[in-house]
Amino acid sequence: APAQIAVTGLAVMGRNLARNLARNGFRVAVHNRSKSRTDALIEEFGHEGEFTPADDLPALVASLEQPRKIIIMVKAGEPTDAVIDELVPLLDEGDIVVDAGNAHFADTRRRENALREKGLHFVGSGVSGGEEGALNGPSIMPGGSPESYAALGPILTKISAHVNGEPCCVHVGPDGAGHFVKMLHNGIEYADMQLIAEAYDLLRQVLGLSPAELADVFRDWNSGDLESFLIEITAEVLSQVDPTTGGPFVDVVLDQAEQKGTGRWTVQVALDLGIPVSGMAEAVFGRSLSGDVVRRSAAAGVLPGPAEAKADVDRDAFIEDVRHALYASKLVAYAQGFDAIRAASEQYDWDIDLGAMATIWRGGCIIRARFLDRIKEAYDRNPALPSLLVDDYFKEAVANGQEAWRRVVATAASVGVPAPGFSAALSYYDGLRAERLPAALIQGLRDLFGAHTYRRVDRDGAFHLDWSGDRTESPA
Ligand code: NDP
């Protein structure tokens, strides 16, 4: 029988996705530019299901039932375009091409448009969970047309992660919506990791706890509201002993965080959308600072810190305070992330169901967490929720922790431990809830130096003050 679906690109992700499909009973055609990867897959894992190896794309296309469904899982960027260009002339109207790599959603919109004009469906689909997820059930965020999802949905939901019997795969929306949401997932992942790192740093520097003791703290946190994959693996990394020195593993790792770019994309896009995503921005900047060896080495041990770098805090009370600060900051990061999704959905007419996005992320992906249920519930209660932070659950969660959060940010500042994620989140929260912001002064300044005009609190219209003359006000 012809294959039901194909995967081209058999590096770690594509190979595991193909195995996942085969293990779930689908007949999978497989192809890779260098044949050796195809051969290795068949030799090592051919027994796991029905694979049809293909030496080239024409053979791959010929082995498929129609309408064809072909998943591209190659290096993002030009390689994806190269594969699409080679594939398209081989296809027939109605065939479906899925890009499951980490494409920028703007590229996905361009590709979808080009293929639509040729009568083909192009589906940009986010896939999260790394190689482990690809094999055992990833979180899947497909974009593209409803028709393409009608054909792909039964396959994708079957191979995705499941939580309480529900698949972590939902049709996100047309064209680039799936890749946008995947990008946002990665941005939130950056923010989450930054906040976890700040919590670790503060507890270590203020309380002098060892990495092993800190592993216990995170393990304990993982049994409460913070329960999540990232908190779980934080405990694992902190308890790891370095095989060479016998000391804590975390102490032998170079403290320069790298990035592949999806976090930076998120922040760039949010700037264009005009949505503050300060948690993600601080996370990206934090990684950049960590890697800025020239300036760090010029400043380390040279720039003075506070005279008194010790805080007079109770051990258990401070641990609990940091837990609150972490949770509250995390809620802010998610609220900002969902704001960005909402704004993009409006801008591009994607009509994204925000609550459903939280369900996609409950399993399979890196940010999987217990509290995503809370996001789903919040949007179920009110689909038009202006911000997650004003939902009753979130409001109360932050209210319960805010005094602790403020103490932690104050302690960080007074002992000189950087906590950009915690403090940016707190500033955002205070900015959001402020009844009046100093933006009024900014508008005054803008009108003075550039005649940019201002609006008034007491009547409609734009106005300008004659700053260089008699200071009368006139309508602009
Ligand atoms: P890589 O990103 O390392 O890409 C390697 C694959 O791309 C190989 O199959 C390679 O073929 C193929 N390739 C590269 N250039 C071309 C080209 N010009 N024409 C045809 N094929 C080409 O593989 P990964 O498995 O790590 O990732 C695949 C995709 O999944 C990427 O887009 C990545 O961003 C995304 N992704 C990765 C995750 C991860 O955890 N690694 C998680 C989620 C998504 P060859 O063997 O011939 O060199």
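Residues numbered from 1 in each chain as written. Predicted model: local features only at pLDDT ≥ 70, side-chain atom pairs only at ≥ 80, totals over all residues. Heavy atoms only, no water.

Attention shifts here to the sheet that holds strand S1 (residues 5-8). To summarise the sheet geometry, strands pair through backbone hydrogen bonds and adopt either a parallel or an antiparallel arrangement. Pairing within the open sheet is mixed, and its seven strands lie in the order S3-S2-S1-S4-S5-S6-S7. The outermost strands of the open sheet, each flanked by one partner alone, are strand S3 (51-53) and strand S7 (139-142). Going across the sheet, the axis of each strand differs from the next one's by a mean of 25°, ignoring polarity. Relative to strand S5 (residues 96-99), strand S4 (residues 69-72) runs parallel, the two sharing four bridges. (Pairing = 2+ DSSP bridges. Helix = DSSP H or I, 4+ residues; strand = E, 2+ residues; numbered from the N terminus. Axes fitted to C-alpha atoms, helices over the stretch in contact; angles between N-to-C directions.)

A word on the nonpolar core. Ranked by internal contacts, the top residues of the largest apolar core, which has 91 residues, are Phe180, Trp221, Phe338, Trp361, Ile375, Trp405 and Phe422. Looking at this core, the element that brings in the most residues is helix H14 (residues 315-348), giving 17 residues. Sequence-distant contacts of Phe338, that is, excluding residues within four places in its chain, are made with Leu354, Met357, Ala358, Trp361, Ile375, Tyr379 and Leu388. Residues Phe45, Val123, Ile140 and Leu156 belong to the second largest nonpolar core, which totals 28 residues. (Core = buried A, V, L, I, M, F, W, Y, C linked by side-chain atoms within 4.5 Å. Buried < 20%, exposed > 50% of the residue type's maximum accessible area, 1.4 Å probe, protein only. Contact = heavy atoms within 4.5 Å.)

This next bit is on the layout of surface pockets. Of the voids in this model, the second largest pocket is the one considered here, and its volume is about 310 Å³. Along the walls of the second largest pocket sit Glu435, Arg436, Leu437, Ala439, Ala440, Gln443, Tyr454, Arg455, Arg456, Val457 and Asp458, which together make up its complete lining. For the lining of the second largest pocket, the secondary structure elements donating two or more residues are helix H19 (439-450) and strand S10 (454-455). Looking at the lining of the second largest pocket, the element that brings in the most residues is H19, giving three residues. (1 Å grid on protein atoms, 1.4 Å probe; cavity = no way out; pocket = protein on both sides within 12 Å on 5 of 7 lines; lining within 4 Å. Points joined across faces, edges and corners; volume = space filled by probe spheres on them.)

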